[in-house]
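Chain by chain, the residues run as shown.
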Amino acid sequence: MNRRTLLATAALGLGLSFGGAAEAQMDKVKACFVYVGPIGDGGWTYQHDQGRLAVEAEFGDKVETAYQESVPEGADAERVLTQMALSGCNIIFTTSFGYMDPTNAVAGKFPDVKFEHATGYKRDHPNVSTYNARFYEGRAVQGTIAGKMTKTNKIGYIASFPIPEVIMGINSYYIHAKKVNPDVELSVIWAYTWFDPAKEADAAKAMIEQGVDVIASHTDSTAPLAEAAKTNGAVIGFGQASDMAEYKPSPRVSSIIDNWGPYYVKRVGALLDGSYAQVDAWEGIPGGEVLIGEITDAVPADVKAEAEAVRDAIAAGTYHPFTGPLNKQDGSAWLGDGEVSDDGTLLGMNFFVEGIKGEIPQ
Amino acid sequence: MDFYGINPAVLIASLMVASVPIMLAAIGELVVEKAGVLNLGVEGMMIMGAICGFITAVHSGSPMLGFLGGAAGGAVLSVLFILLTQVFLANQVATGLALTLFGLGLSSLLGQGYNGIKPPATKPLPFGPLTDIPFFGRILFSHDAMVYISIAVIAAVWAMLKYTRAGLILRAVGESHDAAHALGYKVVRIRVLAILFGGAMAGLGGAYVSLVRVPQWTDGITAGAGWIALAIVVFASWKPWRVLIGAYLFGGITVLQLNLQASNSFPIKIPVEYLAMSPYLITILVLVIMSSGRGRASLNAPAALGQNFHASR
C-alpha cells in the first residue's frame, strides 16, 4: 500500500466515522420538499406544504426547509433531487408517485441523505423510506354519501392515472355507494393529469351533462367543484386532498384531508434525535393522516350519521373498507365472506371490483 | 335525441365554450404572425390575462370589466416583447419563450391571496324564448357574450385582412418588410400594434379560463392552452376561419373523448389511452395532410415571419 492510497483510505475511514456520527444525532436538519404542482393548487401540494410549515413550527431554529414547486415527474425530477442533495439537504421528501424511480436513482448516489417518497413502493436503498395514507378509507365515507345522495343513480369519479392508489379509491368509493344504493352506476374519466384545472372542469362538465350528480375527483385542483357549483346545488362533490372549504356547504359536502404534518414532524424529529430508521409507513383515519372534513348541512342528518358511522368504525379498527364477499370485475372471486384484503393486494391493485363498467387503461 | 347518453346539442354547446380561450389566443397570434412577428409568449400572456382579469372582476364585481382587465394584462406583458424585439431587435423565439416563463412566474406572484375566491358569475345572454328552440336553441342561444364575441373577432379579422387597406398593409409588412418600408409604411409601428392586439386577445382568452371555464384562480390555470393556440395558427395555415375550425376541432375532440369515457353504454370500447391522445393526434394528422398537399406555398406562411427589421439595412 503506497502513501497515496493509505491517505485515501484514512480519509474514507474518517468520512465514514463522521457519517456515522452525523446519523446518530444532528444539531440542525435541512429538510427539502419536491412538489408536483404549485402550492396554490388548493389541494394535494397545498397540504404537503402545510406539513412543511408544521415542521418549521415544531422545530424552529433547528430546522431549515426548502422546496421546489411544479417539478415534472421524470428526468427533471432527477436533476432537482441531485441539486437538492448537493445543496446540503439532509432529508428530501418527494411528494408524488411519479418521482419513484428518480428518487431511488438519486438516493443511490447520496447514501448520507435520507429520501422519503410519498405513495410509492420502491425502497432500493437503505436511505429510501416510503410513506402513504390510506385514502381509500376516506373514499368509503364519500361512497356512502354518494350512494345515498344521488337522485339519478349515476355517480362519477375523475381519475388521474391508472395506478393502484387511484384504483383503490375508485373501488372503495363504488363498493360503499353500492352498499347503500344497489342501483348506483359509476362513470370514470381518466384525465391523465394531476393538475389541469380546465381539463378537470371539462371532465366534470361531461359527467354532469350525462346525468351524473355526485362527483368525486382524484385530481389536485378545485375545478370540478367550481363546475358543480354552476348547477345551483343539483350536483355535489367532495374536497380532495384539502378541505376546499370555500365550496361549503354545497357543492362540497365533505372532504378527504391529507394531514401530512404529524408524519413530517415525526421523521425530521427522528433525524434530529438519532432514532431515524427506514420505514414503509401507511397510516389512515385511525392514525390521523386521513381526516374527513365536516359533512355539511346539504346532507340530510340520517345520511350524515351513516357516513360518520363508517368513519368511526374505520377509526376504531372494527371495519375494513375492503371486506368480502367481493368479486373482481370479471366475476372471479376475490375476497370470501368476511375476509379482509391484505395490504400487498391493495398496493398492487390493478383490477376493478364487480359492477364497475369501463376498463382500466393498461 | 341521445346517443348512448351523449346529447349532441349539449356536446356542441360545450365544445363551443371549451374552444373560446384557444380561439381568441390563436386569432390574436394569427394577426401577429401575419405582420411577420413570431411571438411564442402566448401562454405567458394568456395566464397574465387570466390573473389580471380575475383580480379586476373580483374587485369590481363585474365580469365585463374583468375581461377588459384581462385583455389589458395580456397587452401590457406584450409591451415587454415589443421593447425587446422591436426596439432592441432581440431574437423573437428566445424572447417569446422567456415571455412565457416570465408570465407564469409573475401571474403566480400576482395571484397570491386570490386562491379560493369565487369571481362574479358570467351569465348567459338573455335570448328569451329563442333558447327553448329544440336542438338549435341549445347550440346557438345559450351562451355568454364571450362566445359570440370570439366568433365576431374571427369575422372582423378575416374582413380586415381580406377587404381593407389596413389589412393589405399588414400583410405586406409580414411578407416583405423591406418592400413595405420602401413604400413608406412604418414597419415597426404596424408590428407594435399587431403585437398589442395579439397580447390583448391572448389575455382575453386567459380571462375566459379564469372567469368562465374554471371560475377560480389557481397557479398555472391555463395549463398549456397557449401552446395549442400556437399550433392552431399553423394548423389554420394563417387563415382566420380555419382558426375557428381548428379550435372547434380541438375543443370538440377534447370534449367528445371525455364524454365517451363517462358514457358507460357506448357500444365500442375505445381504449382510454387513444381517447386521451386523440386531440393532439388529430391535430398532427391534419397538419401533415395539409403540408403534404401543394408544396410549401400551400402552407401560406408569411415570408418575413420571425425576422427582425431595422430601417438601416
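Residues numbered from 1 in each chain as written. Chains lettered and ligands numbered in written order. Predicted model: local features only at pLDDT ≥ 70, side-chain atom pairs only at ≥ 80, totals over all residues.

A. Quick look at the overall build of chain A. Along its length, chain A carries 11 helices and 14 strands. Computed over C-alpha atoms, the radius of gyration of chain A comes to 22 Å, within 12% of the 21 Å expected from 2.2 N^0.38 for 362 residues, which places it in the range of a compact globule. Principal-axis analysis of the C-alpha atoms gives chain A an extent of 80 × 40 × 35 Å. Across the 362 residues that make up chain A, the buried fraction comes to 51%. In chain A, the share of contacts with a sequence separation of at least 24, taken over all contacts with a separation of at least 6, comes to 65%. (Helix = DSSP H or I, 4+ residues; strand = E, 2+ residues; numbered from the N terminus. Rg over C-alpha atoms; globule rule 2.2 N^0.38 Å. Buried ≥ 20, exposed ≤ 12 C-beta atoms within 10 Å, placed from the backbone. Contact = placed C-beta atoms within 7 Å.)

B. Highlighting the overall build of chain B. Tallying secondary structure elements over chain B gives 12 helices and 0 strands in all. Seen in sequence order, chain B has helices and strands lined up from the N terminus as α-α-α-α-α-α-α-α-α-α-α-α. Relative to its length of 313 residues, chain B is compact, with a C-alpha radius of gyration of 20 Å against a globular reference of 20 Å. Within chain B, buried positions represent 50% of all 313 residues.

C. Expanded view of the sheet that holds strand S1 (residues 29-34) of chain A. Residue and element names in this part refer to chain A. In space, the 6 strands of this open sheet follow the order S2-S1-S3-S4-S5-S11, with parallel pairing throughout. Only two strands of the sheet have a single partner each, and these edge strands are strand S2 (63-68) and strand S11 (280-283). For this sheet, the mean inter-axis angle between neighbouring strands, taken without regard to orientation, is 15°. Of the strand pairs in this sheet, S1 and strand S3 (residues 91-94) are connected by 4 bridges, and their pairing is parallel. Bridged to phenylalanine 33 within S3 is phenylalanine 93. (Pairing = 2+ DSSP bridges. Axes fitted to C-alpha atoms, helices over the stretch in contact; angles between N-to-C directions.)

D. Structural view of the packing of helix H2 (residues 42-60) of chain B against helix H3 (residues 63-87) of chain B. Residues and elements named next belong to chain B. As a packed pair, H2 and H3 sit with axes 7 Å apart at the nearest point and diverge in direction by 145°. Between H2 and H3 lies a crossing whose hand is right-handed. Per-class residue counts for the contact of H2 with H3 are 15 nonpolar, 11 polar and no charged. (Left-handed = near helix turned anticlockwise from the far one by under 90°. Nonpolar A, V, L, I, M, F, W, Y, C, P; charged D, E, K, R; others polar.)

E. Structural view of the interface of chain B and chain A. On the side of chain A, 32 residues touch chain B, which itself brings 34 residues to the contact. For the side of chain B that touches chain A, the elements supplying multiple residues, two or more each, are helix H1 (8-34), helix H9 (187-213), helix H11 (240-262) and helix H12 (272-292) of chain B. For the side of chain B that touches chain A, the element with the highest residue contribution is H11 of chain B, accounting for 6 residues. A class-by-class count of the residues in the side of chain B that touches chain A yields 15 nonpolar, 15 polar and 4 charged.

F. View of the domain arrangement of chain A. All names here are of chain A. Partitioning chain A into domains gives domain 1 (22-134 + 260-283) and domain 2 (136-257 + 291-347). For domain 1 versus domain 2, the distance between C-alpha centres works out to 29 Å. Tallying the contact residues gives 14 residues for domain 1 and 15 residues for domain 2. Here the side of domain 1 that touches domain 2 gets 4 residues from one element, more than from any other, and that element is helix H2 (residues 44-59). Residue composition of the side of domain 1 that touches domain 2, grouped by class: 6 nonpolar, 6 polar and 2 charged. (Domains from an automatic or database assignment.)

G. Region of the structure containing the pairing of S1 of chain A. Residues and elements named next belong to chain A. Counting buried positions along S1 yields 5 of 6 residues, so the element is predominantly enclosed. Both S1 and S2 contribute to a ladder of 6 bridges, which runs parallel. In the sheet register, alanine 31 faces S2, and the bridge partner there is threonine 65. Where the polypeptide runs from S1 across H2 and back to S2, its parallel neighbour, the crossover connection is right-handed. (Right-handed = clockwise from strand over helix to strand, strands pointing away.)

H. A look at the nonpolar core. Core analysis: the biggest nonpolar cluster contains 154 residues, and Ile189 of chain A together with Ile22, Ala25, Ala26, Ile27, Ile232 and Val243 of chain B have the highest contact counts within it. In this view, alanine 25 of chain B contacts Val42, Met46, Met201, Ala202, Gly205, Ala225, Gly226 and Ala229 of chain B; residues no more than four positions away in its chain are not counted. Listed in part, the 37 residues of the second largest apolar core include Tyr35, Tyr46, Met100 and Trp260 of chain A. (Core = buried A, V, L, I, M, F, W, Y, C linked by C-beta atoms within 7 Å.)

I. Unusual backbone geometry, seen in detail. In the segment running from lysine 248 of chain A into proline 249 of chain A, the intervening peptide bond is cis, with an omega of -10°. Inspection of the secondary structure puts proline 249 of chain A in the loop between strand S9 (236-239) and strand S10 (252-258). Residue proline 251 of chain A follows serine 250 of chain A across a cis peptide bond; omega there is 10°. For alanine 223 of chain B, which is not a glycine, the phi torsion comes out positive at approximately 45°.

J. The arrangement of helix H9 (residues 261-273) of chain A in detail. Taking 1.5 Å per residue, 13 residues should reach 18 Å; H9 of chain A reaches 18 Å between its end C-alpha atoms and fits that length. At the exit of H9 of chain A stands glycine 274 of chain A, carrying a positive phi of roughly 85°. (Expected span 1.5 Å × (residues − 1).)

K. Representation of the sheet that holds strand S7 (residues 185-190) of chain A in the model. Residues and elements named next belong to chain A. The strand order S7-S6-S8-S9-S10-S12 describes an open sheet built from 6 strands, whose pairing is mixed. The open sheet has two edge strands with one neighbour each: S7 and strand S12 (290-293). Strand after strand, the sheet turns through a mean of 20° between neighbouring axes, direction not considered. Of the pairings in the sheet, the one linking strand S6 (residues 154-159) to strand S8 (residues 214-217) comprises 4 bridges and is parallel in character. When the sheet's bridge partners are listed, tyrosine 157 is paired in S8 with alanine 216.

L. Just the confidence of the model for chain A, in detail. Residues and elements named next belong to chain A. Overall, the predicted model of chain A reaches an average pLDDT of 88, with 93% of residues at or above 70. Per-element confidence in chain A ranges from a low mean pLDDT of 45 for helix H1 (residues 3-24) to a high of 96 for S3. Low pLDDT, under 50, characterises residues 5-22; the stretch is placed with 2 contacts to residues that sit more than four places away or in other chains. (pLDDT = per-residue confidence, 0-100.)

M. Broad picture of the pairing of strand S5 (residues 128-133) of chain A. Residue and element names in this part refer to chain A. For S5, the tally of buried residues reaches 6 of 6 residues, placing the bulk of the element in the interior. Two elements, strand S4 (residues 114-118) and S5, share 4 bridges in a ladder whose sense is parallel. Residue pairing across strands places phenylalanine 115 opposite valine 128, the latter belonging to S5. In this structure, S5 lies alongside S11, joined through 4 bridges in parallel fashion. Paired with threonine 130 across the two strands is aspartate 280, which belongs to S11.

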